[in-house]
Structures are given as C-alpha cells and as structure tokens.
Amino acid sequence: MRKNKRPMPSEPEQAAGNGLLDRRLFLTGGVAAAIGSAALPDNVLAAEALPVEPWMKTPGSPFVPYGQPSRYASKVARIFASVPGTTGTGASRTPHHLLDGMITPNGLHFERHHSGIPDINPEAHRLLIHGLVKRPLVYTLDALMRYPMESRIAFIECAGNSALLYQKEPAPLGVQPIHGLLSCAEWTGVRVATLLEDAGVDPRAQWILAEGADASGMSRSVPLAKAMGDALVAIYQNGEPVRPSNGYPMRLLLPGYEGNANVKWLRRIKLTEGPTMTKDETSKYTILQNDGKSLQFCFAQEAKSVITRPSPGLTMGAPGLYEIAGLAWSGYGQIAKVEVSADGGASWALAALQEPVLPMAVTRFRSPWRWDGGPATLQSRATDDSGYVQPSRSKLIADRGARTIYHFNGIASWGVAQGGEVKHVYA
Amino acid sequence: MSTRNTLLAACSALVVGCGAALAESPNLGKAASPEEIASWDISIGPDGAGLPFGSGTPQQGEQVYLAKCLACHGEKGSGKPSDQLVGGQGSLGPGQAPVKTVGSFWPYATTVFDYVRRAMPLNESKSLRDDEVYAVVAYILQLNGVIGENDTIDAQTLPAVRMPNRDGFVRFSRGK
C-alpha cells in the first residue's frame, strides 16, 4: 500500500456536518488526504494496453463556418414549452446541471418570448427615442455601432424562475426545469444614458417606456434613474451579435432587473412622467400577497443561489470525495458569501467563491464534500454585499405568501438518498 | 455653461452611485418628425394621452370578439386555452383562490386598449382598426360589469373608467 509522502492530518478539516469539508481543500492540495489510501482503484492490476482509437490515426473533419458542440454533447441543450396554439411563445431553459463556469453559452441562454422570435433585418431596424426629450431621435444600427461601447457581465433571470417552489409539494424535477430561467453573459453595447443625452432629457421625465419590435410589442416602464445609470443598448452577447432569441439586433440590458424589463428587439424608448402601466407590469409581473394587495415594480432580482451539481438526474457514484458546485447572484450587488449545508440546514460550511465575483453577475461557488453513501440534504444560502441573506423557503412564503409565481428566491434543497439518487425535496 | 453641461450635471445628480462619466457622444441620431413617430407611438398610459379618434360599444365589440378572440379566450372571456378575461372579482382577498382577470385584477382600463391594439390577436397583431379595439375593450369591460351595455368607449370615456382593483397595488421597496 502506497503512503502519502507529505505529512497530512489523518482527517481533513470538517467544515460542517455530514461530510462537508473546508472550502480551501482543493486549493491547498489536500485532496489526497481527503480521499485517503482507500480510494486506490481496484482494477489497477488489470494490464491491458490503452486503445489507439480511430481518431488518433486518421485526419479529422474539415472546417465549418460556425462551430457547433460535439455530437456527444447533444444532451447539453435547452428544454422548452410553447403556449398551446403557438410555436414560439413560451420559455426555454438553460441546462445548468450540465454547465460550469459563470458564462452561459449563447445557444443555451434561456428565452422568454411573448410572440415568437422576430426575423429582423438589421438595416431596417430603428431605435426611436422620444417623449419628454428636447430632440426626438431615431438611430440605425450602423449609427449605434459608431458609439463608444461598454461591456457588462450580467445575469438575466426571469421573474418567474423557480416559481415551482411556491407549490405545496416539491416538483419532482431538476435544476433545468425548476431554475433554468437564469443565464449570464457578457453584454456589450452603448450606454442608454449617452443616447438620452443626445436627445436631451426634459426635467419632467421620471420614467422610460421600453418597447420591442416583436409582434407582441413587449413593453415595460423603467425608472429613468436606471436608464441613466448602468443600462445598455446591448448589441453584442458574449462577443458576437446578440442572438435573435435574445433581441437581435439590439436589446435593453438593465443589470440585476427581472428579465422581462430587459426588453428585446428594442425599437423605442419613450420618456414619460409616470409609468405607462403596461400589461406586463400590472397584470403579470406583480406579486399578489395574502392580504390581497399586489407588489408592483419589483425590479431587482433578490440574492439567491442554487446547487447545480449534484442535482436531480446526476446520480451519485461510489461514496467518496465530491465537489458541490452552484451559482449565486444578486440583482442588488455582489455576492459576499455562499454557505453550503449537507444536513438540511442544521450546519453550514463556507463555499469557495470562484473569481471573478462581479455585481449583477452569477458567481460560481464550490464546496468539497465527502459523501459517506448515506442520506443527505444539500442546500446553499447566498449573502450579498448589502448583508441580505437568502431566506429559507418557509420564511419567504411566511412573509409573502404563495399566491404568486414571481421572484422566488428561497433556499432550494436536493435530497440525496442512500444509494445516490438525487431528488428535489423541501427541507 | 452649455445646455449639454447643464444636462450632464442634472443627470449625474439623478444617478446616485453611477460614477462613470458619460463618454462624448458622436451624436448620430437623426431628428424624428411627429409624422415619423406617430405610427410607432402606440403606448397609452393611465391618463389616456395619445388615444386615437374612434369609439366602440359592447354590442359592436361582441362581433369583434366572436371573430377574433373567442378561439383563445373562450366564450364571454371565460378563458382557455389563453387567459381568462372575465370574472374573479372579490377573489383576491385572504384565504381565497385568486382568479386574476381584466375585471378582477387589471388596475387601468387604458392598459386593455394598449395591449389589445399592440399584441392581439396573437397571430395578426396590430390588425384591428381603432374602432374595433375600442369596441372589444368595451365588450370585455361590460362582461366584467365595469361599464353598462349602452356605454360607449372612446378617448374620453376610457381613461375615466375606474377598475375594481385600481387601489390593489403597492409600490415595492426592498426589505419591506
């Protein structure tokens, strides 16, 4: 039996109950100690030469103009459902259980369309800025391309993401169908403030109306202060032109705000004194509370986190060392810490936050876990730099009720059963 | 101080916490005339500003509804496969199963006009004439008991309609 050459403690540091280890374990090279000598593979004596596969001996396939994933990665795909009687009205969801890092590939960014994906000729597209301005202006894409650009790495989350957790019983589903209305990309474009300055803001203006060029004319009112702040007219998504499903040739990006307000296919910004009270900001994206009153203009997405691995569909293998990985984000700023529990919230360990940790972007967290093969309940809890702590599901529902489908940001739980099956549970 | 500088100062006062100075603009927007703007300026706020000429009654609206809306919104706005438009008043209170419709939930009648004109019918949005929009809005409001059978909806009467859930909304603030 081989011995560790470096002197290591016999037990790696336990950070919390049920096998959670110190977050620095992977960074400090303590993996060998954590695994221990028992993890030596049993089949080490099977002496068979490693195969020389066909692709090692013949030239590969030719160039293609636009690259695609491996055909073996075909399951790394969105799932979607359309409203009955339509083909492009509904939502698609990002497969976070099969992804890592912080950037969502463009072909996997979640979608929510209210009347399909318009096929916009960029030469015919116009952005109109009018209303309470000194000079109403209309821009072509070519004109905007000459403006100074800025990038923001920002998440976009549908306000209806994780809505299933308002239900009384846990939906027997995984990360993608439950939490897949969240994505994160590098968005590049022109500051809205620059264009509003071009037009000259009338001091009476306090709001903007943003409107899309799609057949539903999706429209939302947004406070002028946000438009004059970090808002962008985004033209690029992860370095390439914004995808049609995300607003080609241009979309509004309001970092941290609920997805619906980030109007795609942006064709018009009207400056107004008050909100226009569009269909979506009155009848849809409002939170009906237990007292019968509805919260309106809940723009920023609250601090939240979810474990992406392990998660339902990713059955555990043999007992031993695993990495718990997940995403945390806050529409109010930057993630300050993420804690992970393997015992349903009885004890918590600090997770490692992967750099970069950016405001209004998802932060990847990781936590080493030695699974003993027994039952476990995995949870994550995010805290942002304002000090806000992600609440338990029961506290969120106690405070707000469960008569809405919007802005669920409570703690989610994955149950690991004896034998390794992972299920969505309430804990 | 130039107009531009005044504006910049005003805006930086407005945008608390946004430190980055605005980049110099190449000013490449083209002046948009009222004639150019008119066809796109379709949003209607609660004050009704911008509502077009025209009118409609519930009776006229029923004909539009039967032809254009029934297949998705059901008989007399009963819903299925798409949203229920009628009923549910009084269902928002504590302990009840909320039924959110135009009549029970929508705070402004102007929103109905705005949304129908821009987005409905789903497969041929922006196809209804303004009179047809007024009429079908009148029909939905009348089915909900918000207006009478003989009322007419137009640019003056629509913003004056008081929706049952008008006071049912509170502005969100964090931590509340």
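Owing to the predicted nature of the structure, the values given are computational and were not obtained by experimental measurement.

Peer 1: How should the domain arrangement of chain A be read in this particular structure?
Peer 2: Often the size quoted for an interface is simply the accessible area lost on bringing the parts together. Residues and elements named next belong to chain A. Domain boundaries assigned for chain A yield domain 1 (127–284) and domain 2 (304–425). A separation of 28 Å is found between the C-alpha centroids of domain 1 and domain 2. Taken together, the contact between domain 1 and domain 2 spans 21 residues of the former and 24 residues of the latter. Where the side of domain 1 that touches domain 2 is concerned, the elements lending two or more residues are strand 8 (150–157) and helix 3 (175–179). For the side of domain 1 that touches domain 2, a count of residues per class yields 16 nonpolar, five polar and no charged.

Peer 1: Sorry if this is basic, but what is going on with the interface of chain B and chain A here?
Peer 2: In this assembly, 46 residues from chain B lie in contact with 60 residues from chain A. Contributions of two or more residues to the side of chain B that touches chain A are made by helix 1 (3–14), strand 1 (30–31), helix 2 (34–38), helix 5 (109–119) and strand 4 (169–171) of chain B. Here the side of chain B that touches chain A gets five residues from one element, more than from any other, and that element is helix 5 of chain B. Here the side of chain B that touches chain A is built from residues that sort into 30 nonpolar, nine polar and seven charged. Pairing between strand 7 (residues 137–139) of chain A and strand 1 of chain B: two bridges, direction antiparallel. Among the inter-strand pairings, A:V138 is bridged to a residue of strand 1 of chain B, identified as B:K30.

Peer 1: How do you make sense of the nonpolar core when you look at a structure like this?
Peer 2: Generally speaking, a soluble globular protein has its nonpolar side chains buried in company with each other. If you look at the biggest cluster of nonpolar residues, it comprises 107 residues, and the most contacted ones within it are A:I129, A:F155, A:L196, A:I208, A:A227 and A:V233. Counting residues domain by domain, this core receives three or more from each of domain 1 (127–284) and domain 2 (304–425) of chain A. The contact partners of A:L196, leaving out residues within four places of it in the chain, are A:I129, A:V201, A:A227 and A:M228. Ranked by size, the runner-up nonpolar core spans 34 residues in total, among them B:Y65, B:C69, B:L158 and B:M163.

Peer 1: Can you walk me through the confidence of the model for chain A in this structure?
Peer 2: Atom-level detail of predicted coordinates should not be read off regions where pLDDT is low. Averaged over every residue, the pLDDT of chain A is 94; the share at 70 or more is 93%. Of the regions scoring below 50 in pLDDT, residues 1–10 of chain A engages in seven contacts with residues more than four places distant in sequence or in other chains.

Peer 1: In this structure, what is going on with the sheet that holds strand 6 (residues 127–131) of chain A? I would like to understand it.
Peer 2: With mixed pairing, six strands are arranged side by side in an open sheet as 11(A)-10(A)-15(A)-6(A)-7(A)-1(B). With partners counted over all chains shown, the strands left at the sheet margins are strand 11 (219–223) of chain A together with strand 1 of chain B, one partner each.

Peer 1: I would appreciate a short explanation of the sheet that holds strand 16 (residues 287–288) of chain A in the present structure.
Peer 2: Note on sheets: strands pair through backbone hydrogen bonds, and any given pair is parallel or antiparallel. As summarised here, the arrangement of the three strands in space is 16(A)-17(A)-4(B), forming an open sheet in which the pairing is mixed. On the outer flanks of this sheet lie strand 16 of chain A together with strand 4 of chain B, each paired with one strand and no other. Bridge analysis of strand 17 (residues 294–296) of chain A against strand 4 of chain B gives three bridges, and the strand direction is parallel. Of the residues in strand 4 of chain B, the one forming a bridge with A:S294 is B:F169.

Peer 1: Honestly, the pairing of strand 10 (residues 207–212) of chain A in this entry has me stumped. Any pointers?
Peer 2: Put simply, side chains in a regular strand alternate between the two faces of the sheet. Residue and element names in this part refer to chain A. Burial runs high along strand 10: six of the six residues are buried. Of the two faces of strand 10, the one lined by W207, L209 and E211 and the one lined by I208, A210 and G212 are each fully buried. In terms of strand pairing, strand 10 meets strand 15 (residues 266–272) through six bridges, oriented antiparallel. Paired with E211 across the strands is R268, a residue of strand 15. Of the strand pairs in this sheet, strand 10 and strand 11 are connected by five bridges, and their pairing is antiparallel. Note that in strand 11 the partner of E211 across the bridge is S219.

What counts and how
- Residues numbered from 1 in each chain as written.
- Chains lettered and ligands numbered in written order.
- Predicted model: local features only at pLDDT ≥ 70, side-chain atom pairs only at ≥ 80, totals over all residues.
- Domains from an automatic or database assignment.
- Contact = placed C-beta atoms within 7 Å.
- Helix = DSSP H or I, 4+ residues; strand = E, 2+ residues; numbered from the N terminus.
- Nonpolar A, V, L, I, M, F, W, Y, C, P; charged D, E, K, R; others polar.
- Pairing = 2+ DSSP bridges.
- Core = buried A, V, L, I, M, F, W, Y, C linked by C-beta atoms within 7 Å.
- Buried ≥ 20, exposed ≤ 12 C-beta atoms within 10 Å, placed from the backbone.
- pLDDT = per-residue confidence, 0-100.

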